[in-house]
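# Structural overview
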Amino acid sequence: MAAPVNIIVGSHVWVEDPELAWIEGEVFKISGEEVHVHTTNGKTAVANISKVFPKDTEASPGGVDDMTKLSYLHEPGVLHNLAMRYELNEIYTYTGNILIAINPFQRLPHLYDTHMMEQYKGAAFGELSPHVFAVADVAYRAMINEGKSNSILVSGESGAGKTETTKMLMRYLAYLGGRSGVEGRTVEQQVLESNPVLEAFGNAKTVRNNNSSRFGKFVEIQFDKSGRISGAAVRTYLLERSRVCQISNPERNYHCFYLLCAAPPEVREKFKLGDPKSFHYLNQSSCYSLDGVDDAQEYLATIRAMDVVGISEEEQEAIFGVVAAILHLGNIEFAKGAEVDSSVIKDEKSRFHLNMTAELLKCDVKSLEDALIKRVMVTPEEIITRTLDPVAAVGSRDALAKTIYSRLFDWLVDKINFSIGQDPNSKQLIGVLDIYGFESFKLNSFEQFCINYTNEKLQQHFNQHVFKMEQEEYTKEEINWSYIEFVDNQDVLDLIEKKPGGIIALLDEACMFPKSTHETFAQKLFQTFKNNKRFIKPKLSRTSFTISHYAGEVTYLADLFLDKNKDYVVAEHQDLLTASKCSFVASLFPPPAEESSKSSKFSSIGSRFKQQLQSLMETLNSTEPHYIRCVKPNNALKPAIFESANIIQQLRCGGVLEAIRISCAGYPTRRTFYEFLHRFGVLAPEVLEGNHDDKVACEMILDKMGLKGYQIGKTKVFLRAGQMAELDARRAEVLGNAARTIQRQIRTYIARKEFVALRKAAIMLQSHWRGILACKLYEQLRREAAALKIQKNFRRYVARESYLTVRLSAITLQTGLRAMTARNEFRFRKQTKAAIIIQATLRCHIAYSYYKSLQKASITTQCGWRRRVARRELRKLKMAARETGALKEAKDKLEKRVEELTWRLQLEKRLRTDLEEEKAQEIAKLQEALHAMQIQVEEANARVIKEQEAARKAIEEAPPVIKETPVIVQDTEKVNSLTAVVESLKASLLSERKAAEEARSACIDAEARNAELVKKLEDSERKVDQLQESVQRLEEKLANSESETQVLRQQSLAISPTGKSLTTRQRTMIIPRTPENGNVINGETKDTTLAISNVREPESEEKPQKSLNEKQQENQDLLIKCISQNLGFSGSKPIAACIIYKCLLHWRSFEVERTTVFDRIIQTIASAIEVQDNNDILAYWLSNSSTLLLLLQHTLKASGAGSLTPQRRRAASASLFGRMSQGLRASPQSAGLSFLNGRGLSRLDDLRQVEAKYPALLFKQQLTAFLEKIYGMIRDNLKKEISPLLGLCIQAPRTSRASLVKGRSQANAVAQQALIAHWQSIVQSLNRYLTIMKANHVPPFLVRKVFTQIFSFINVQLFNSLLLRRECCSFSNGEYVKTGLAELEQWCYEATEEYAGSAWDELKHIRQAVGFLVIHQKPKKTLNEITKELCPVLSIQQLYRISTMYWDDKYGTHSVSSDVIANMRVMMTEDSNNAVSSSFLLDDDSSIPFTVDDISKSLQQVDIADVDPPSLIRENSGFGFLLPRSE
């Protein structure tokens, strides 16, 4: 990864940063080997040129999904690419075939659902976006195809997501292999359920991690020969045994010790446990609890996990008893004994712990004590027992604790494997290795030494695999790679494990000598490896040493190496525990073999570790490896935080940077010829213009640039490290020169533009100044004119004032003279008027006196005359009084009648509302009541008129009874009172007449309201009748379906093994019915029924029946033979369907209980469509079956429809096919007897409803199922035909190099024609199927459904591929797909709406997605515009996916703004919180999109009258009814 030397001023580079690891900047100064850089955070950095790396300024803002595609494959480039992808929630990235997975610390369910599994199933590696499913799929395919086991190595520190990744791997393998485990639990679930148990006994807190696995786990998923999961096993490796006895601050021992100390009080009392601080094996560190972890709850969770795994309560108690025994064992201390080099139990406290240990292990206390402080030495002469000193006794105690714990852990693993269930016969497996990663702390001890030794071994395996992949790439491209060095770490491994001089060998040697100390061991290391470049001696420590690992230098403290390495396998310990009375403890220590018991070899943890590691490497070497490196982006365990320094360290420890170093040793930069020419064609334009092959053109460009050491493969250019930067520098230089030319021209343009602007400004300034001068001159002239006007007006004012004064004087004089004349005239007139008034008054007095005398005389005359008239009038008034009484009585009657009518009307309303079921009778009563009221009103009116006339006549005919009396002046007052009475009577008469008029008008209003009510009642009756008709139709339809179901159910129940009832029913004759109503002819029902019931059916009567059945059988055979041929069509009507329908109707087959004709017809159709890829036959039978089903739908009516319960749902087609297998059976012949009786149909061509029996209803359901099956076969055939083309249609093929050069219109036209060739192939397939279905007269309704589902399939396939392949989300690819969609739109237009229907609307997802890809100025679009206007159909998850994967390979434009992306992410988070489905992939709907009712509604009525029968049956007399009838 050496930095290129061609960094110049202005280059964009990466420099090291203490906080961010690497930071971007621009070079502004280079002085010797030092480079000065302006960083993006505003600071200035100075670095050596060897530690400065170039930045790819043309890199896509979304990064690349495979880091081998990076232009600059170096540490900062890798880190930046991961950061960009992580920001877009792209957590998976490839480095070659290594998968890097960054933990998102949030739910991303759309990445792991079943849709995603379907997409990756069988997909080529690298074709779709990086994913853990792709790695699992490659492993599975390799295992199936090559028959070799595969392994997937998952590594990373805790919190990086190893467990989740392992879970997803097993989920996908279970999806591919697909066997469920015991009791419905999958293998994946069973393996994951074992995790809590293994974590409790195998995980511990370390410096960096609270839940670090201190063992390696290899999960074997076992498969049988057919590739199905047959079992699983968990293999554990390299358990860190030394941790049981020695821990350092601030680490903890294994979790199970702390869980047991936090158990419920009764458990602790049972095992005599207390605070962890009181136990020696736990109090060596000051850390006893973990933040956020409740050990008491964890203890209960572990108990539950043990229950799930299948560990019984007795076994659980024994397990925790062993754990408690280990804690008590650690508290046993020793003191010097009386003899030399002897030891005894130190005190009573130690004695208590010794007793508790013996009690828990159920062994003898004395035997346990002897096993700890004594050794038995067997010599040829005698057996010697010697005592151990206190130090050796402590070593013996710790050895026993480590041995017990190790055996306990192995037992748990075996128990888990037994629970999961292994397949001993499995030859193929996929292993998932989950093991601890590289560790480097401030203080590193023996545990870190072993762990890093393991990782060195795995790294060597990894390096070999990476180098092998590199070799395969070079071999495939046929380039010379023999001189490339392989980066190896064998020297480190030799330093650690080589015999006899490795560190482990020297450690074992030191452990065998009693006098050895850590200082002597360290000095031995310094002497042995003083010249080893991988071994470094620290300057300030005598017991530390440093090893240079692949991930960096690690300094180890040798202080506890000897103690932690000792692993005595003591025979006394073995014998003690084998003899334990606890069966569980005894099972942990089975009796050893005879040979091993005799030999007393030295054993150490380092040696055992080495052996187990060798076993693991042998397992891995026997499999094909695949690598997943899990990365923890931050220590806060929160989403969207990317800590670069932390991630670089993990990449270094995970070997990813080492893999990059291997790539850089060869050819780190690889570009296809097209990509190379596209990027570097500007370096040699003449090469592009020449007619050269791509390979030759690339070579010419490289030779022109003078590069050495590159390689030209079959499809790619391979560049050495630094050559890409050199080419980019040359390209930048060429582009810089071009930019300078453009700048020169633009500067000329800008300068001229500025000059023109200045000249224009000067002219404008002069114009304004001249304008100002003109304004001043105008102002002066204006002031002079104003002065003249003022003078003129003033002079006019003075003259007018003098004139007005003279005029006022004259007027005043005239006024005085005229007033004097007027006063004289007024005085004369006043005197004349007074004289006239006196004369008038006198004359008035004379006339008034004369008038008074005349008035008195006339009044006297008038009084006499008025008295006479009044008497006459009195007689008239007395007659009128009698007439008024009669009117009042009539008026009262009318009022009562009106009130009665009103009350009756209201009563009728209430009765009509309450008793709606009797509406007909009530309406009649209302009408009668109304009629009666009208008659009564008319009679009342007539009576009133008659009474008036009678009164008038009586008045006229009455004799005058008034006597003349002399007028007396004194009766004047009486006359006046009578006159007043008469007036009051007149007034009362008028009021009575007015009341009568009001009553009459109220009556008229009531009649109008009654009429209106009658009209409303008529409307209501009409609506009720309509509703009753529709309800009746629905009831009939429902009754038909109900009766079909009930008949089918009753018939299936009625079929018994004995068949007695069926035999009886078969022999009853079928009563002939008329075609019109189906009733028995001539009303002979009763007699015929009695005759049938009394028939004995002797044997002599069975012979004619048998002959009739034979005749019927011949007719059926002929019909089946006929329809098995292609009869074609008559007009647009399928002949076969019409013939079948006519025959069945004529033979009365629908109305019989048992017949085989239906089964034979179904068998004929089934045999005809056995060849599934013959679309002509399928379309022919689709047309026939749909027509026949339509005829049956309009004809068949189930019997017994009245008493059946409704069944709303139509049975699914799958269940129909299940019932068809039962329905295709032989049955007795009893069909069509009525035809043989000579009673044919009067009019066969009229569709009439017949009561269908069980066979007919079953035939209808079978026919429906076959219609759906044939439809699905045609649709699926078309899908199969276009599926391969859709894979080619989603991504535009690479255009030839000719398109890179402008002006080649012919070449562009040819290229454009080649681009749409795949789309045209799809259109040709669509046309071919449309032609076939048209030729076979398939109903347009079914054709529309086929193409609607096909276009939906196209939409799903194209859209899902677009979202899963980043190379498809480009601008040019959007244009390509848009062109193809235009071809489909043109096809829909040409196919017309009759056959295409709404197919074009089904492409809405891909149309809007493509429209988004090709739209310009995406950064200016708001989220509202995108979701509401551009892509309203697409979900936020889909828009986010397209926006983040988009790249413009044509114009270099960017995707939507970062604000829009952030808003989308917020909305996606809200959706996930609201449990909204977050899958961005679409589903393909393969259901049948129609029902029988849909077909009957959409198809036109078939006229079968003019269908001619085929020649095969036309001449047969039994089919004469098929011939057309002459009218």
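This text gives an overview of the structure that appears in the document. Source: prediction; values computed, not measured.

Right, let's get into the side chain of His 328. Its location among the elements puts His 328 in helix H10 (residues 313-330). A polar atom in the side chain of His 328 sits 2.8 Å from the backbone oxygen of Phe 271. Here His 328 is in contact with Phe 271, Lys 272, Leu 273, Phe 279, His 353, Met 356, Thr 357 and Leu 360, once residues within four sequence places are set aside.

One open sheet accounts for three strands, arranged E22-E24-E23; its pairing is antiparallel. Looking at which strands have only one partner, the edges of the open sheet turn out to be strand E22 (669-672) and strand E23 (711-712). Taken together, the four bridges between E22 and strand E24 (residues 716-719) define a ladder with antiparallel strand orientation. Within E24, the position partnered with Arg 671 by the bridge is Val 717. Each of E22, E23 and E24 is contacted by helix H25 (residues 673-680), which is oriented at about 95 degrees to E22, the strand it contacts most.

It is the contact of helix H3 (residues 132-146) with helix H4 (residues 162-177), at a shortest axis distance of 9 Å, that shows an interaxial angle of 50 degrees. One finds that H3 runs oblique with respect to H4. The handedness of the crossing between H3 and H4 comes out as right-handed. Contacts from Val 132, Phe 133, Ala 136, Asp 137, Tyr 140 and Arg 141 of H3 reach H4 at Thr 165, Met 168, Leu 169, Tyr 172, Leu 173, Leu 176 and Gly 177. A per-class count over the contact of H3 with H4 returns nine nonpolar, two polar and two charged.

Here we take up helix H6 (residues 195-202). Within H6, six of the eight residues are buried, which leaves the element mostly enclosed by the surrounding structure. Of the positions making up H6, those classed as buried are Asn 195, Val 197, Leu 198, Ala 200, Phe 201 and Gly 202.

For the rest of this paragraph, the subject is the packing of helix H14 (residues 446-476) against helix H15 (residues 490-497). H15 packs onto H14 with a crossing angle of 140 degrees between their chain directions and a minimal axis gap of 10 Å. Two packed elements cross with a definite hand, and for H14 against H15 that hand is left-handed. For the pair H14 and H15, contact is made by Phe 449, Tyr 453, Glu 456, Lys 457 and Gln 460 and by Gln 490, Val 492, Leu 493, Ile 496 and Glu 497, respectively. Of the residues assigned to the contact of H14 with H15, the class counts are five nonpolar, two polar and three charged.

Moving on to the pattern of salt bridges. Counted according to the given criterion, the structure contains 42 salt bridges. Residue Lys 891 is joined to Glu 992 by a salt bridge in which the shortest nitrogen-to-oxygen separation is 3.9 Å. Taken together, the positions of Lys 891 in helix H28 (residues 723-914) and Glu 992 in helix H30 (residues 972-1054) put the pair 101 residues apart, joining distant regions of the chain. A residue is classified by how much of its surface remains accessible, and Lys 891, at 18% relative accessible area, is buried. Taking relative accessible area as the criterion, Glu 992 reaches 13% and is therefore assigned buried. Look at the salt bridges and you will find they share partners, linking Arg 214, Glu 240, Arg 243, Glu 251 and Glu 439 into a network.

Further remarks concern unusual backbone geometry. In this model, Asn 249 is joined to Pro 250 through a cis peptide bond whose omega is 5 degrees. Non-glycine residue Phe 105 carries a positive phi angle of around 55 degrees. Among the secondary structure elements, Phe 105 is positioned in the loop between strand E7 (98-102) and helix H2 (114-120). For His 1337, which is not glycine, the phi torsion reads 55 degrees and is therefore positive.

Next up on the list: the sheet that holds strand E5 (residues 53-54). A sheet is described by the order of its strands in space; here five strands give the open sequence E4-E3-E2-E1-E5, paired in antiparallel fashion. What marks the edges here is a single partner per strand, and that holds for strand E4 (44-48) and E5. Here strand E2 (residues 21-31) runs beside strand E3 (residues 34-39); their pairing, made up of six bridges, is antiparallel. Bridging across to E3, Ile 30 finds its partner in Val 35. Most of the contacts of helix H1 (residues 75-87) go to E2, to which it runs at about 135 degrees, and overall it touches strand E1 (12-17), E2 and E5.

This paragraph deals with a nonpolar patch on the surface. Among the surface-exposed residues, Val 682, Val 734 and Leu 735 lie close enough to one another that they form a single nonpolar patch of about 190 Å² accessible area. Following the sequence through the fold, Val 682 ends up in the loop between H25 and helix H26 (685-689).

Quick look at the side chain of Asn 150 now. Counting through the fold element by element, Asn 150 comes out in strand E8 (residues 150-155). The class of Asn 150 is buried, set by a relative accessible area of 0%. Side chain to side chain, Asn 150 and His 626 meet in a polar contact 2.8 Å long. In this view, Asn 150 contacts Ala 139, Ala 142, Met 143, Leu 429, Ile 430, Gly 431, Thr 623, Glu 624 and His 626; residues no more than four positions away in its chain are not counted.

The topology assignment puts Leu 1196 in strand E27 (residues 1196-1198). Apart from the residues lying within four places of it in its own chain, the contact partners of Leu 1196 are Phe 1150, Val 1250, Ala 1252, Ala 1256 and Lys 1260.

For any two aromatic rings, the description comes down to two numbers: the centre-to-centre distance and the angle of the planes. Counted under the stated rule, the structure contains 36 aromatic pairs. With 5.0 Å between their ring centres and 20 degrees between their planes, Phe 133 and Tyr 172 make a pair best called stacked. Of this pair, Phe 133 sits in helix H3 while Tyr 172 is found in helix H4, placing the two residues 39 residues apart along the sequence. Taking relative accessible area as the criterion, Phe 133 reaches 0% and is therefore assigned buried. Geometrically, the ring pair formed by Tyr 848 and Tyr 851 is tilted, given 6.4 Å between the ring centres and 40 degrees between the ring planes. With Tyr 848 and Tyr 851 both in helix H28, this residue pair falls three residues apart, about one helical turn. Among the aromatic residues, those joined into a cluster by ring pairs are Phe 446, Phe 449, Phe 521, Phe 526, Phe 529, Phe 535, Phe 545, Tyr 556 and Phe 561. Here the basic side chain of Arg 252 rests over the ring of Tyr 258, its NZ or CZ set 3.9 Å away from the ring centre. Geometry around Phe 462 places Arg 629 over its ring, the cationic atom sitting 4.5 Å from the centre.

What counts and how
Residues numbered from 1 in each chain as written. Predicted model: local features only at pLDDT ≥ 70, side-chain atom pairs only at ≥ 80, totals over all residues. Heavy atoms only, no water. Helix = DSSP H or I, 4+ residues; strand = E, 2+ residues; numbered from the N terminus. Polar contact = N/O pair within 3.5 Å; in protein donor to acceptor, adjacent residues only side chain to side chain. Contact = heavy atoms within 4.5 Å. Pairing = 2+ DSSP bridges. Axes fitted to C-alpha atoms, helices over the stretch in contact; angles between N-to-C directions. Parallel < 35°, antiparallel > 145°, perpendicular 65-115°, else oblique. Left-handed = near helix turned anticlockwise from the far one by under 90°. Nonpolar A, V, L, I, M, F, W, Y, C, P; charged D, E, K, R; others polar. Buried < 20%, exposed > 50% of the residue type's maximum accessible area, 1.4 Å probe, protein only. Salt bridge = Lys/Arg side-chain N within 4 Å of Asp/Glu carboxyl O. Patch = residues over 30% accessible without salt bridge, like charges linked within 9 Å, V, L, I, M, F, W, Y side chains within 5 Å. Areas by Shrake-Rupley, 256 points an atom, 1.4 Å probe, with all protein chains shown as cover. Phe/Tyr/Trp six-rings, centres within 6.5 Å; stacked < 30°, edge-to-face > 60°. Lys NZ or Arg CZ within 6 Å of the ring centre and 35° of its normal.

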